[in-house]
Each structure stands twice: as structure tokens, then as C-alpha cells.
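Architecture and fold: a report
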Amino acid sequence: MKRFFFLIILASAISISSMAEGVLTRFHRIGNGSNREIDRASMHLPITVDYDPASGIIKVTGEESIEAEVYVCDSAGQVEGYSPTLNSSFSISSPGIHYVYIYGDGWCGEAEIPGNTI
């Protein structure tokens, strides 16, 4: 019974600490086949996505050695921002939920930015 409570407390602590660093981001491997199927098993990469609702700024940061492209899209799928490098900042100009897509060599990441009221 003690182990059960310990596991619940540990899981809560992990989920709280990961959200305190910024927006929860999920990373996945992309297959090498012709269909480029995404493997939904999670990966861990040293990349963070932070959002400041007061200013409407999204910051994507990671190690300089990681090569990746970053896209910011609105809920309709329209691209609102693009950067060919990982370390970048974007200003959200429209209200609603936004998505951050990060594409590297053999992996991809996605994050959901909560709706704002610009």
C-alpha cells in the first residue's frame, strides 16, 4: 500500500515539474519507410517550449547542436510562424489555440499552446 501511494506522489511530482518548465511537448520518432509513419512511443529531447500569455510570445529553445525546423500554426492549420533553426521566438497575432511543430532528422515534436484572448 505504501508503494502505491509513493508511485502516485512520484507521478504527480513528475507531471507538475514538467509543466512548470513551459508547455508540455511530446517528441516522436519518424519511420524511415516511404510512408514516414510516426512512432508514437515518446522520446526525450532537451528542447523546451515556453509561452508568455501576457505578451503572446512563444519561445522554443534547445541545444545549439540540434538541427530542427519550427512551425507555429493556428487551430485551422494556417502557418503563423516558421524558423529554420530551433532557438526562436514567435509572436501570436490571433486568438485561439495554437500548435508548435518541431521537425528534426528522424523525429518530430508537437506542443499545444492554450487559447489566448488577444
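Heads up: these notes are all about the structure in this document. (Residues numbered from 1 in each chain as written. Predicted model: local features only at pLDDT ≥ 70, side-chain atom pairs only at ≥ 80, totals over all residues. Heavy atoms only, no water.)

What follows is about the pairing of strand β6 (residues 79-83). Bridge count between strand β5 (residues 68-74) and β6: four bridges; the pairing is antiparallel. Its bridge partner being in β6, tyrosine 71 is matched across the sheet by tyrosine 82. Remark: four residues form the turn of the hairpin made by β5 and β6, two consecutive strands paired antiparallel; glycine 77 in that turn has positive phi of roughly 90 degrees. (Pairing = 2+ DSSP bridges. Helix = DSSP H or I, 4+ residues; strand = E, 2+ residues; numbered from the N terminus.)

Turning to the side chain of serine 94, a few remarks are in order. Locating serine 94 in the fold gives a position in the loop between β7 (88-91) and β8 (96-104). Relative accessible area serves as the criterion here: at 18%, serine 94 is assigned to the buried category. A distance of 3.4 Å separates polar atoms of two side chains, one belonging to serine 94 and the other to histidine 98. (Buried < 20%, exposed > 50% of the residue type's maximum accessible area, 1.4 Å probe, protein only. Polar contact = N/O pair within 3.5 Å; in protein donor to acceptor, adjacent residues only side chain to side chain.)

Our next topic: the nonpolar core. Buried together is how nonpolar side chains tend to be arranged in soluble globular proteins. In terms of nonpolar packing, the biggest core is built from 19 residues, with Ile47, Ile58, Val60, Val100 and Ile102 touching the most fellow members. If you list the elements that add at least two residues to this core, you get β3 (47-52), β4 (57-62), β5, β8 and β9 (107-116). What isoleucine 58 contacts, discounting residues up to four positions off in sequence, is Val49, Asp50, Tyr51, Val72, Ser88, Ser89, Phe90, Ile92, Val100 and Ile113. (Core = buried A, V, L, I, M, F, W, Y, C linked by side-chain atoms within 4.5 Å. Contact = heavy atoms within 4.5 Å.)

A few words now on the sheet that holds β3. Across the sheet, which stays open at both edges, the three strands sit in the order β3-β4-β7 with antiparallel pairing between neighbours. Either end of the sheet is taken by a strand with one partner, and the two such strands are β3 and β7. Averaged over all neighbouring strand pairs, the angle between strand axes comes to 15 degrees, with direction disregarded. Note that β3 and β4 share six bridges and pair antiparallel. Paired with isoleucine 47 across the two strands is glycine 62, which belongs to β4. (Axes fitted to C-alpha atoms, helices over the stretch in contact; angles between N-to-C directions.)

Evaluated as defined, the whole model comprises three aromatic pairs. The interplanar angle of 75 degrees and the centroid separation of 6.0 Å between the aromatic rings of tyrosine 71 and tyrosine 103 together place this pair among those described as edge-to-face. With tyrosine 71 in strand β5 and tyrosine 103 in strand β8, the pair connects residues that are 32 residues apart, well separated along the chain. On the accessibility criterion, tyrosine 103 (37% relative accessible area) is partly exposed. Each ring, one from tyrosine 99 and one from tyrosine 101, has its centre 6.3 Å from the other, and the planes form 25 degrees; the classification is stacked. Residue classification places tyrosine 99 among the partly exposed positions, given a relative accessible area of 24%. What links up through ring pairs into an aromatic cluster is the set Tyr71, Tyr82 and Tyr103. (Phe/Tyr/Trp six-rings, centres within 6.5 Å; stacked < 30°, edge-to-face > 60°.)

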